[in-house]
Every structure is written in C-alpha cells, then in structure tokens.
Amino acid sequence: MEQGGFFFQALVYLAAAVVAVPIAKKLGLGSVLGYLLAGIMIGPFLLGFIGEEGQDVMHFAEFGVVMMLFLVGLELQPSMIWKLRHSIFGLGGSQVGITTIIITGIAMTMGFAWQTGLAIGLTFALSSTAIVLQSLNEKGLMKTEAGQNVFSVLLFQDIAVIPILAILPYLAIEGLVTETSSANHVATTWVEGWAIWQKTLLTIGVITTMVAAGKYLVSPMFRLIARTDLRELFTAAALLLVISAAVLMTMIGLSPALGTFIAGVVLAQSEFRHELETDIEPFKGLLLGLFFIAVGASIDFELVANQPTTIAGLVAILMVVKFFVLFIIGYLFKMGLDKNMIFSFSLAQGGEFAFVLLSFSTSNAILPVDIANVLIAVVAISMALTPLLMLFNEKLMQPRFGTKEAEKEDDEMQEDKNVIIAGFGRVGSTIGRFLQANGVQATYLDLDPDNVDLLRKLGMKVFYGDASRKDLLHAAGASEAHLLIVAVDEPEKTKDIIETAKKHFPNLEIMARSQSIINSYELVEMGIDHHYLEFLDSSLRMGVDALCHLGHRRHESFRALKTYRKNLEKFIPELSKIYKDRPLLISEAKKRMQLLEQTMLQEKADFHSEKDQGWDASQQIVEFGEEKLKDADL
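Just so you know, these numbers come straight off a predicted model, no measurement behind them.

Section: the overall build of the chain
Reasoning step 1: Helix and strand content of the chain: 28 helices and 6 strands.
Reasoning step 2: Split into buried and exposed, the 634 residues of the chain put 50% on the buried side.
Reasoning step 3: Considering only contacts within the chain whose residues lie at least 6 apart along the sequence, 76% involve residues at least 24 apart.

So, in structure tokens, the structure goes:
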C-alpha cells in the first residue's frame, strides 16, 4: 500500500488518536493534549508519518470547529444570548481591544511597520475556540460563571473576525511582495471588491434570511424527513444544514463558525434540537480530534530548533500579555479569584483563526512569509500549551490561591432535567400534564413528528428523538436526572430504552408502562419494580361501575378492587420467574386466579352485614334524605 495513500493516512491518524488519548486521559492530561501529542509524534519532525498533506487535513478538520459552534448555538436560547450581551461586548470587546493595542505596540518597538504590527495585534488577540471549549466541557466548567465568561469572549472574537478580515486589505504595505500574493488573484467570495456598506447590507440580509428560514422552513423540512423513519437521512439533512450555513457565510466573507452558531441559536427552540445534537456530535468529536492532531503535526520543529530563543520569547510574550490583560479585565468585572484564574488561563493563547488571518496577511502584502511562518509556530505552540496551563491552574494554582467558591449552574442554560418522559402519546401526555399541573417540568422525547409538533403548539416542551439511543438520553440530561418514565406504546422499544438507561445511566429510577401481563413479566425480569399495566386502572374502574349498576354497594366494590389489585401485583413477580414455561405458567396462573376468587368471596361474606352497610356514603345520604322527608311530613 502506498504510504501516502488515503487509507494509510486514515490508519495513522486513527491509530495515533486511539493510542495517545486514553494514555493522556489516564494521566489526567485531558483528551485535547492527547490529540496534540499524537500529532506531534506522527508529524514530519518525529516519526514522519504525515508531511505537507497535514495542512490539507487541518483545513478539512477545521470543520469540526464549525460543528462545535453549531452545537454550542443549539444549547443557547436567544434569551440567554441577550442575557450575556454585557459580558459578550464588555469582556470580549475589552479583551480584543486592549490586547490588540498592547501587542501592536510591542511589534512596533521590535521594528515592524504599524500596519504589520496592527495585523499581528489583531491576529494574536484571538483565542482558540476549539481547544478552550473542549477542555472546559471535559472539566464540567462550561456552565459555570467562569465558563460563561470564557464563552462570551470567544463568541465576541468569532464576531470580530468579520471586521478584521475587512480591515486587513487596507493595511497592505506598498512594495512588499510575498510568495502567495498575486496580481491574478481570483475572487473566492461573492463580495470581493464590494464597498463596506454593500457588504454590511448583504450580511444583515443573509443573517435575517437564515433566521427566517430556520423558523419557517427548517423545522417543517425535518418533520417531513422524520416521517420517513430513515435515521441516516435525518443525519444527512443535519450535516447539509451545517455545511449550508458554513458555505453561505464563507461566500459573503464571514466566519463559517459564526454562521453555524447563528443557525444553532435559531434552532435552539426547535423540537428537533436534541436529535440534531446527537446526530452531529460524533462528527464534531471526530473532526475536532483530527484538528487537534493536525495542529500538533503542524508545529515546525525545524524552525523552532533554528530560532528557539526567538520563538520561545514570542510565545512567552503572547501568553503573558494575554493572561494579564484577561486577569485585569476579570478583576474590573468583579470576578472571584477562582473564576478569574480559570478565565485568564483558558484564553491566554492564539487561536485557530490566526492561521487563516496570517495566510490572508501574506496574500495581501502585509506580512513577509518568513515572519508569518514564525508567528504560525508561535500560535501552534501556544495552543498546545493551553491544556497544560489549565492543568497547572487546576492542580497547583487553585488549591493554593483559590477560594474554592461553589460554582452554580445557570438555570437558563438548561431545562429542568429531573424527569425525562420517553413517549408522549396517550399515556405519556397524561403523565406530563399531571406533573406540569403539580409544578414539575420535564424533558419529553417522542418519535412521532406530528405528535411533537402538535404538543409543542399546546405549550409542552417536547423534542423529537429515539429515547433508546444513549446519546439522545445524554443530551436530554439523563446523567443528572432522577427519574425516567418510559411511556412508549411498543414493548420492544420499551425494553430497548430500559436496557440503554440501566447500562449507561444507573442513577436513573425507572418507571415503565406495560402493555400486557407478559410484558410486565419481562419488565420484572429486567429488574424494573415500578411497572404499570396501561389498561389496569381504567378496566378496574369500569368493573367497579358495572358492579354498582348491578346493585352492589360502592364501598364493597372498591374494597373488591383493592383486593384484586393487591393480589394481582403480588402474582406478577411470582409468575415472572416461570413465564417462559407456558404450560407451567398457565397452570400456576389458574391456581392463583381460583385462590383470588375464593379470597374475594370470603371477604365479601365477612363484611356483608347491616353494620358494614352503614359505611356506604351514598346509602347514608339516601336514608338521611328519607328521614328528613318523614320529619317534614310530620
């Protein structure tokens, strides 16, 4: 097999990830650092399994960052974005502005022209969305106050890429020729050569169109696809949605990550939110891992070896400046020490958009290629050091200097996930309305898109998805929930859901709907104590009414109901041990039914007396009314 072939390259990347990441996780280093180390090991400067094609892989793997921003958008309600507006523009705007000014000043003192210095300052002001969010998610910090502040800054940085790309062409230095600049530059976007006001109008129009399409076109489209019951088609549609948003934004000169983030926010209230999340998540995880490996492999160790002092000094300057800028901003915004250290250590690195901006700067005659190569190495090394810095903060700084303040999750970041109801048909909807009437909000999952659409119009929080899937249960909050109510109407699907929940979420207490006595036996065998025959209550109530219409006293009928139900619930666990042996089951069930009949007849004989009849409320009312009539006649 040719060493440079596709399958060989796939083998190398996958093997490196499978070997390095578990080792890194075992050592407490986190998966991101594991991927980066894997990339360094297989890169051109160590084992040499990958060479120049690593840059092409990085461009492909950057789509993992795009997918991550889409999933982040799905987790955020528009109201949450509005709530974070002060931290987005306050923290984010301050960080980008102050960092740009300081780094531009440092670059100018090193002899660079102000145009080059400003380009470097704008580029170095950005941080790594992929590495930071992945690391915070692994450590469970994403929904803390520190995590929200970090996310706000990263979101502002992604937005800032738009004006940065618009500004850079105006910083071109006359007479500077680079290897990548060309007079025959081919337009790669629709807005190439447009005036700024035209680009602004187009941007507003495209974003408005995306919002309208997400609200009025995408959900009906997914509803139509869901009716086909083809999971792979739904996955294809989800990928099409993300890629379309990314391509559209790229063609108007905007960040594809920002475009998919907007698409995610628009669909955050869709009934298909959880299904989209679970379908995209595996691709996001794989591509992000590939991206981190490509970053590790892209570090030019030959260049580092030739200029170790220069590159080490620039890395130190970059990370120290950004750390202190972030720390001071955090202090001014009244963050606690723990939160501020997480905030500052998380963002003190260059970002993946720096690779794009540095390449753009060389093609627009702002930076010489040799300087850009050094800066690319600086950014890549700073990104690789980020997981170590976060680990340093967690293991050494926080225990010594932190205040150990309890982090509280923002309730608006997630729904109330104490209860998950799988199946929102006749049974599930009744349970859901009853719980809601008692102040209990739950997460509901159902596979019928029409049913989901109708119930959402009635104000219920229902999401489309197959609850037997581990990833969907996880997205619905099964790891933190207390109770799973399985109310689907298919016995096999009920068992699938229970098996998944018991295997992956042992914390869940499970209540299950049973469609038949045999189904109840199966549920008991699976270890489900709380199982409910769907027809039992209504059947027994109808039986009580039938007895009353036939002249039986109501209190006797309810006593009979209680006795029958108590014995039936006792028989089910006993018979579940032999239900697969049908002849034996029939024999034992017949014996128990005869015993039950004798018990009920004996109970009726024991309580059938004049004294006992006096407890019938309806009879007392009738007799009391007759006495009143007699008194009136007298």
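A short note on a nonpolar patch on the surface
Reasoning step 1: A surface patch of nonpolar side chains, amounting to about 660 Å² of accessible area, comprises Val320, Phe324, Ile328, Tyr331, Leu332 and Phe333.
Reasoning step 2: Following the sequence through the fold, Tyr331 ends up in helix 15 (residues 308-332).

Notes on the sheet that holds strand 2 (residues 443-446)
Within a sheet, adjacent strands bond to each other through the backbone by hydrogen bonds, running parallel or antiparallel.
Reasoning step 1: Strands sit in the order 3-2-1-4-5-6 across an open sheet of 6 strands; the sheet is parallel. Both edges of this open sheet fall to strand 3 (462-464) and strand 6 (530-533), since each of them pairs with a single strand only. Along the sheet, successive strands turn relative to each other by an average axial angle of 20°, direction set aside.
Reasoning step 2: In this sheet, strand 2 lies alongside strand 1 (residues 419-422) in parallel orientation, the contact comprising 3 bridges. Looking across to strand 2, one finds that Ile420 is bridged to Thr443.
Reasoning step 3: Helix-sheet contacts for helix 19 (residues 426-437) involve strand 1, strand 2, strand 4 (483-486) and strand 5 (509-514), and the interaxial angle to strand 1 is about 155°.

Things to note about the pattern of salt bridges
Reasoning step 1: This structure, assessed with the given rule, holds 7 salt bridges.
Reasoning step 2: For Asp537, the salt bridge identified is with Arg565, shortest N-O distance 2.1 Å. With Asp537 in helix 24 (residues 536-549) and Arg565 in helix 25 (residues 554-575), the pair connects residues that are 28 residues apart, well separated along the chain.
Reasoning step 3: Judged by its relative accessible area of 41%, Asp537 is partly exposed.
Reasoning step 4: Taken together, the salt bridges that share partners define one network made up of Glu492, Lys495 and Glu522.

Remarks on the nonpolar core
Reasoning step 1: Residues Phe70, Phe292 and Ile311 are the most contacted members of the largest nonpolar core, which totals 125 residues.
Reasoning step 2: For this core, the element with the most residues is helix 9 (residues 145-167), which contributes 11 residues.
Reasoning step 3: Contact partners of Phe292, with chain neighbours within four places excluded, come to Val32, Tyr35, Leu36, Ala130, Ile131 and Gln134.
Reasoning step 4: Among the nonpolar cores identified, the runner-up in size contains 23 residues, and Ile420, Leu472, Ala478 and Ala501 belong to it.

Here's the deal with the environment of Ser363
Reasoning step 1: The residue Ser363 is located in helix 17 (residues 353-363) in this model.
Reasoning step 2: Taking the C-alpha atoms as reference points, Ser363 and Pro169, separated by 194 residues in sequence, lie 9.3 Å from one another.

Observations regarding unusual backbone geometry
Reasoning step 1: For Lys334, which is not a glycine, the phi torsion comes out positive at approximately 60°.
Reasoning step 2: Examined against the element boundaries, Lys334 turns out to sit in the loop between helix 15 and helix 16 (337-347).

What to know about the packing of aromatic side chains
Reasoning step 1: In total, this model carries 6 aromatic pairs according to the counting rule given.
Reasoning step 2: Between Phe323 and Phe324, the aromatic rings sit 5.5 Å apart at their centres with planes inclined by 90°, giving edge-to-face as the arrangement.
Reasoning step 3: Take Phe323: its relative accessible area is 17%, and that puts it in the buried class.
Reasoning step 4: Taking 4.8 Å as the distance between ring centres and 55° as the angle between the ring planes, the aromatic pair formed by Phe323 and Phe345 counts as tilted. Of this pair, Phe323 sits in helix 15 while Phe345 sits in helix 16, and the two are 22 residues apart along the sequence. Across the pair, Phe345 and Phe323 agree in class, each one buried.
Reasoning step 5: One aromatic cluster is present, built from ring pairs that chain together Phe323, Phe324, Phe327, Phe345 and Phe392.

Comments concerning the confidence of the model for the chain
Reasoning step 1: Per-chain confidence: the chain averages 77 in pLDDT, with 83% of residues scoring 70 or above.
Reasoning step 2: Looking across the chain, the model is least confident in helix 28 (residues 617-633), with a mean pLDDT of 44, and most confident in helix 15, with 92.
Reasoning step 3: Long-range and interchain partners of residues 179-187, a stretch whose pLDDT sits below 50, account for 7 contacts in this model, where long-range means more than four residues apart.
Reasoning step 4: Segment residues 403-416: pLDDT under 50, and 36 contacts once partners within four positions in sequence are set aside and those in other chains are kept.

Comments concerning the pairing of strand 1
Reasoning step 1: Side-chain alternation along strand 1 places Val419 and Ile421 on one buried face and Ile420 and Ala422 on a second face that is also buried.
Reasoning step 2: The pairing of strand 1 with strand 4 spans 4 bridges and is parallel. Along strand 4, the bridge assignment pairs Ile420 with Leu484.

Digging into helix 19
Reasoning step 1: Over its 12 residues, helix 19 extends 17 Å from the first C-alpha to the last, a length consistent with the 16 Å expected when each residue adds 1.5 Å.
Reasoning step 2: Along helix 19, the positions that sit buried rather than exposed are Gly428, Ser429, Gly432 and Leu435. Axial view of helix 19: buried residues confined to an arc of 130°, hence all on one face. Within helix 19, the exposed residues directed more than 90 degrees away from the buried face are Arg426, Phe434 and Ala437.
Reasoning step 3: A positive backbone phi angle near 80° is found at Gly439, which sits one or two residues after helix 19.

Observations regarding the pairing of strand 4
Reasoning step 1: Across the two faces of strand 4 the burial is the same, with Leu483 and Ile485 and Leu484 and Val486 all buried.
Reasoning step 2: Relative to strand 5, strand 4 runs parallel, the two sharing 4 bridges. When the bridges of strand 5 are listed, Ile485 appears paired with Met511.
Reasoning step 3: Remark: the strand 4/helix 22 (residues 491-504)/strand 5 crossover connection has right-handed handedness.

A look at the packing of helix 24 against helix 25
Think of two packed helices as two axes; the pair is described by the angle between the axes and how far apart they sit.
Reasoning step 1: Two elements in contact, helix 24 and helix 25, have axes separated by 9 Å at closest approach and are oriented at 150°. Taken together, the axes of helix 24 and helix 25 lie roughly antiparallel to each other. Both helix 24 and helix 25 take part in a crossing whose hand is right-handed. Residues Leu536, Asp537, Leu540, Arg541, Val544, Asp545, Leu547 and Cys548 of helix 24 pack against Arg554, Ser557, Phe558, Leu561, Tyr564, Arg565 and Leu568 of helix 25.

Observations regarding the side chain of Thr386
Reasoning step 1: Assignment of secondary structure puts Thr386 in helix 18 (residues 369-401).
Reasoning step 2: Looking at Thr386, its side chain comes within polar contact range of the main-chain oxygen of Ser382, at 3.0 Å.
Reasoning step 3: Sequence-distant contacts of Thr386, defined by excluding residues within four places in its chain, comprise Ile131, Ser346 and Gln349.

Some remarks on the environment of Ile329
Reasoning step 1: Its location among the elements puts Ile329 in helix 15.
Reasoning step 2: Remark: the alpha-carbon pair of Ile329 and Gly90, spanning 239 residues in sequence, is separated by 9.3 Å.

The rules we used
Residues numbered from 1 in each chain as written. Predicted model: local features only at pLDDT ≥ 70, side-chain atom pairs only at ≥ 80, totals over all residues. Heavy atoms only, no water. Helix = DSSP H or I, 4+ residues; strand = E, 2+ residues; numbered from the N terminus. Buried < 20%, exposed > 50% of the residue type's maximum accessible area, 1.4 Å probe, protein only. Contact = heavy atoms within 4.5 Å. Patch = residues over 30% accessible without salt bridge, like charges linked within 9 Å, V, L, I, M, F, W, Y side chains within 5 Å. Areas by Shrake-Rupley, 256 points an atom, 1.4 Å probe, with all protein chains shown as cover. Salt bridge = Lys/Arg side-chain N within 4 Å of Asp/Glu carboxyl O. Pairing = 2+ DSSP bridges. Axes fitted to C-alpha atoms, helices over the stretch in contact; angles between N-to-C directions. Core = buried A, V, L, I, M, F, W, Y, C linked by side-chain atoms within 4.5 Å. Phe/Tyr/Trp six-rings, centres within 6.5 Å; stacked < 30°, edge-to-face > 60°. pLDDT = per-residue confidence, 0-100. Expected span 1.5 Å × (residues − 1). Arc of directions from axis to C-beta. Right-handed = clockwise from strand over helix to strand, strands pointing away. Parallel < 35°, antiparallel > 145°, perpendicular 65-115°, else oblique. Left-handed = near helix turned anticlockwise from the far one by under 90°. Polar contact = N/O pair within 3.5 Å; in protein donor to acceptor, adjacent residues only side chain to side chain.

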